[in-house]
Amino acid sequence: MSWANGYDEHWNRDVGYGVPASCDHPGCSQVIDRGLSHICGGEPHGGEEACGLFFCLQHGGGNQCARCAAGAEPFAPTPDVPCWMQHKLTDSSWQKWRDENPDEVAQLRALINKDSTNG
Ligand SMILES: [Zn+2]
Ligand SMILES: [Zn+2]
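Owing to the predicted nature of the structure, the values given are computational and were not obtained by experimental measurement.

What counts, and where the lines are drawn
Residues numbered from 1 in each chain as written. Chains lettered and ligands numbered in written order. Predicted model: local features only at pLDDT ≥ 70, side-chain atom pairs only at ≥ 80, totals over all residues. Heavy atoms only, no water. Salt bridge = Lys/Arg side-chain N within 4 Å of Asp/Glu carboxyl O. Helix = DSSP H or I, 4+ residues; strand = E, 2+ residues; numbered from the N terminus. Buried < 20%, exposed > 50% of the residue type's maximum accessible area, 1.4 Å probe, protein only. Pairing = 2+ DSSP bridges. Axes fitted to C-alpha atoms, helices over the stretch in contact; angles between N-to-C directions.

Enquirer: Before we go on, may I ask you to explain the pattern of salt bridges in this structure?
Expert: Oppositely charged side chains are able to pair whenever their charged atoms sit close together. Applying the stated rule across the entire model yields 4 salt bridges. Here Glu100 makes a salt bridge to Lys96, at a shortest N to O gap of 3.0 Å. In this pair, Glu100 and Lys96 are both assigned in helix α3 (residues 95-100), 4 residues apart and thus about one turn of the helix distant. Residue Glu100 shares its accessibility class with Lys96, and that shared class is exposed.

Printed below as a string of structure tokens:
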């Protein structure tokens, strides 16, 4: 599997430079991708020492986030961005995943519907 699109078993989320996401720093809404240039630790899943969450450049993406730099517990990961959920629900490359994961599909649909009613 290429790093364009993978799955992080530790944080239970899609990773790779093909995945748009917002920075995992609390309160930061900078949109990045979950590629190696944004990962804390600079290697897949953050390597041995880092959390493997994804940050914009100001918050340590590709290097270390504030928590790892301080030797503290990692930040809580931010949810996937709506456009990525939409992609998983509609893109043909995710058809197989949708067939195999009906529960997650239902969850995503519910999340997206909630978002759109909130404006
Ligand atoms: Zn970190
Ligand atoms: Zn940030």
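Picking up after the structure, the text goes on.
Enquirer: Which parts of the structure should I look at to understand the sheet that holds strand β1 (residues 6-8)?
Expert: Pairing between the strands of a sheet is mediated by backbone hydrogen bonds and can be parallel or antiparallel. Strand order in the open sheet formed by 3 strands is β1-β2-β3, and the pairing between neighbours is antiparallel. The open sheet has two free edges, formed respectively by β1 and β3 (31-34), since each of these has just one partner strand. With direction set aside, neighbouring strand axes in the sheet form an average angle of 40 degrees. Direction of pairing for strand β2 (residues 13-22) relative to β3: antiparallel, over a ladder of 4 bridges. Of the residues in β3, the one forming a bridge with Ala21 is Ile32.

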